[in-house]
Amino acid sequence: MHQCEEEFGRWTGRGPEEVWAAPGRVNLVGEHTDYNGGFVLPLAIDRHTTAAVGRRQDGALRCRSLQFPDDDRSWAVYVDAVRAALGESGIDVHGADVLVDSDVPPGAGLSSSAALEVAAGAALAALGEAHPSAQELAAVAHRAETQFVGVPVGIMDQTVVATARAGHALFLDTRSLESEHIPFDPAANELSLVVIDSGVRRQLGDGRYAERRRECEEAAGRIGVAQLRDATLADVEDAGLDDTLRRRARHVVTEDARVVEVVERLRRGDLEGIGAALLASHASLRDDFEVSCPELDAAVEIAMAHGALGARMTGAGFGGCALALVPEERVRSTLAAFTTAFVVRPAGGVWRMGGMR
Ligand code: GLA
């Protein structure tokens with residue numbers, strides 16, 4: 001029995017009816033493009049959040065985490081939000097006990113919130129006798145975060161957490177929502193994908209993420225396109241934008257092109273060849289989009305000095321994690337260079353882990 005099920009039993013005196021798990025994610029490339037209608041290439045990782053749930057007759061939603069102390073409710077807002085978003089889609093979750101266990105570090109830019117939303121969403125939906133598709137779950141989780149928690153995130157995290165395939169990265173067009181699973185198996189190429197935690201914690205709700213979004217919308221408006229996805233580099237350079245908006249827009253346009261380049265290389269099996277694009281992405285996020293921080297820049301430099309083929313910050317930035325593509329024989333010394341670094345493997349999206357029904 002999974003620890004989560006045992007703890008659920010100790011907590012409620014009965015077994016959970018549904019137990020669902022959803023992974024964290026890293027984004028290989030395509031950062032701050034998903035709210036510009038652009039391309040992203042994230043992958044789910046082999047760390048996940050589990051939600052064990054059982055019905056309650058009194059209509060209450062009672063949440064407990066094996067990681068957070070009982071008086072810290074900061075994480076439970078995501079479960080409340082998911083219940084509300086499910087309700088909006090006509091999936092009625094009356095009352096439930098929800099026990100959450102996770103090895104996705106919170107606030108580290110590995111989508112701990114999307115993992116929680118999708119795992120809890122799947123478990124609560126099943127309690128409500130509904131079985132939404134992975135895409136529908138992603139949409140519910142995204143609505144939970146944007147409308148009920150109130151952070152204006154794009155669709156990338158919830159989509160990959162719900163729909164990823166093991167051994168693949170997810171090439172997603174965030175405008176049409178068309179997606180393709182692109183084979184990505186570092187181990188088969190004697191490589192490892194290393195995640196380095198900068199230790200710097202940030203809050204997406206702190207305003208800087210929303211500020212970047214506004215800047216992108218303003219740049220698109222001045223260029224005269226619906227979204228920056230539709231602009232070319234020449235459009236950006238010729239639009240007479242002020243220096244800040246020009247650099248923001250240049251990041252998005254060049255980042256979209258890097259996603260396409262990396263996908264092409266992966267299709268050819270050229271994993272080693274993606275290193276330069278990862279580095280270029282980092283430089284663009286650091287200099288043009290200005291969402292990196294000294295600790296992330298240092299992580300990238302140290303990883304490169306230890307023999308990585310490429311490295312970049314991943315996720316929203318302002319702290320959180322960097323990733324590095326590292327030849328097998330350099331992994332041990334790379335890991336030793338950091339306080340918190342670990343190898344991740346491309347994993348699958350949300351799945352049912354157990355339950356008594
Ligand atoms: C966060 C958001 C995503 C995306 C990234 C930046 O992870 O949740 O929607 O915008 O930042 O690429």
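Residues numbered from 1 in each chain as written. Predicted model: local features only at pLDDT ≥ 70, side-chain atom pairs only at ≥ 80, totals over all residues. Heavy atoms only, no water.

Sorry, what's going on with the overall build of the protein here?
Scanning the protein from terminus to terminus reveals eleven helices and 13 strands. Relative to a compact globule of 357 residues, whose C-alpha radius of gyration would be 21 Å, the protein shows 20 Å and is just as compact. Dimensions of the protein along its principal axes, counting C-alpha atoms only, are 60 × 50 × 35 Å. In the protein, which comprises 357 residues, the share counted as buried stands at 57%. Of the contacts made within the protein by residues no fewer than 6 positions apart, 75% connect residues no fewer than 24 positions apart. (Helix = DSSP H or I, 4+ residues; strand = E, 2+ residues; numbered from the N terminus. Rg over C-alpha atoms; globule rule 2.2 N^0.38 Å. Buried < 20%, exposed > 50% of the residue type's maximum accessible area, 1.4 Å probe, protein only. Contact = heavy atoms within 4.5 Å.)

How do you make sense of the domain arrangement of the protein when you look at a structure like this?
Interface size is commonly expressed as the accessible surface area that is lost when the partners come together. As assigned here, the protein comprises domain 1 (3-23 + 42-169) and domain 2 (186-346). Placing a centre on the C-alpha atoms of domain 1 and another on those of domain 2 gives a separation of 27 Å. Between domain 1 and domain 2, the contact holds 18 residues from the first and 19 residues from the second. At the boundary of domain 1 with domain 2, total buried surface from both sides reaches about 1400 Å², with 62% on carbon and sulfur atoms. The three residues of domain 1 that bury the most area against domain 2 are Asp46, Ala108 and Pro152, which together make up 29% of that side's buried surface. Of the charged contacts in the structure, one is a salt bridge between aspartate 46 and arginine 345, with a shortest N-O distance of 3.0 Å. The dominant element in the side of domain 1 that touches domain 2, judged by the number of residues it contributes, is strand S3 (residues 42-56), at five residues. Taken together, the residues of the side of domain 1 that touches domain 2 sort by class into eleven nonpolar, five polar and two charged. (Domains from an automatic or database assignment. Buried area = accessible area lost by both parts, 1.4 Å probe. Salt bridge = Lys/Arg side-chain N within 4 Å of Asp/Glu carboxyl O. Nonpolar A, V, L, I, M, F, W, Y, C, P; charged D, E, K, R; others polar.)

I tried to follow the pattern of salt bridges on my own but got confused; where do I start?
A pair can form between side chains of opposite charge whenever their charged atoms are brought close. Applying the stated criterion to the full structure yields 35 salt bridges. Note that arginine 62 is salt-bridged to aspartate 97, the shortest N-O span being 2.8 Å. Of this pair, arginine 62 sits in strand S4 (residues 61-65) while aspartate 97 sits in strand S5 (residues 95-102), and the two are 35 residues apart along the sequence. Arginine 250 is the salt-bridge partner of aspartate 288, the closest N and O atoms lying 2.8 Å from each other. With aspartate 288 in the loop between helix H9 (275-287) and helix H10 (294-305) and arginine 250 in helix H8 (residues 243-267), the pair connects residues that are 38 residues apart, well separated along the chain. Taking the relative accessible area as the measure of exposure, aspartate 288 reaches 9% and is therefore buried. Since its relative accessible area comes to 23%, arginine 250 is described here as partly exposed. Each of the salt bridges in this network shares a partner with another, and the network as a whole consists of Glu211, Arg212, Glu215, Glu237, Asp243, Arg246, Arg247, Arg248, Arg250, Asp288 and Glu290.

Would you mind going over the site of the ligand with me for this structure?
The full set of residues close to the ligand is Arg25, Glu31, His32, Asp34, Tyr35, Val153, Gly154, Met156, Asp157, Tyr209 and Ala316. Note that an oxygen atom of the ligand is positioned 3.0 Å from one of the side-chain N or O atoms of arginine 25. With the chains in place, 97% of the 300 Å² that the ligand exposes on its own is no longer accessible. Here the ligand occupies the largest pocket. Residues belonging to the shell around the ligand are distributed by class as follows: five nonpolar, two polar and four charged. (Near = heavy atom within 4 Å. Polar contact = N/O pair within 3.5 Å; in protein donor to acceptor, adjacent residues only side chain to side chain. Areas by Shrake-Rupley, 256 points an atom, 1.4 Å probe, with all protein chains shown as cover. 1 Å grid on protein atoms, 1.4 Å probe; cavity = no way out; pocket = protein on both sides within 12 Å on 5 of 7 lines; lining within 4 Å. Sits in = over half its atoms within 2 Å of the grid points.)

Mind showing me how you'd approach the sheet that holds strand S7 (residues 179-183) here?
Strand pairing in a sheet relies on backbone hydrogen bonds. The paired strands run either parallel or antiparallel. Read from one edge of the open sheet, three strands run S2-S6-S7, paired in antiparallel fashion. What marks the edges here is a single partner per strand, and that holds for strand S2 (39-40) and S7. Sheet topology note: the strand S6 (residues 168-173)/S7 ladder contains five bridges and is antiparallel. Across the sheet, residue leucine 172 finds its bridge partner in S7, namely serine 179. (Pairing = 2+ DSSP bridges.)

Looking at this structure, how should I read unusual backbone geometry?
Residues apart from glycine generally show negative phi values, whereas peptide bonds are mostly found in trans. Although it is not a glycine, histidine 32 sits at a positive phi angle of roughly 60°. In this structure, histidine 32 sits in the loop between strand S1 (18-27) and S2. Given a relative accessible area of 4%, histidine 32 falls into the buried group. Positive phi, close to 55°, is recorded for glutamate 290, a residue that is not glycine. Here glutamate 290 shows up in the loop between H9 and H10.

Looking at this structure, I do not really get the environment of tyrosine 209. What am I missing?
Mapped onto the elements of the fold, tyrosine 209 is located in helix H6 (residues 208-223). By relative accessible area, which is 5% here, tyrosine 209 ends up buried. Taking the C-alpha atoms as reference, tyrosine 209 lies 20 Å from leucine 116; in sequence the two are 93 residues apart.

Please clarify how the pairing of S3 should be interpreted in this entry.
Put simply, side chains in a regular strand alternate between the two faces of the sheet. Where S1 lies against S3, nine bridges are found, and the strand directions are antiparallel. Bridge assignment links alanine 22 to a residue of S3, and that residue is threonine 49. By the bridge criterion, two bridges tie S3 to strand S12 (residues 346-347) in an arrangement that is antiparallel. The partner of isoleucine 45 across the bridge, within S12, is proline 346.

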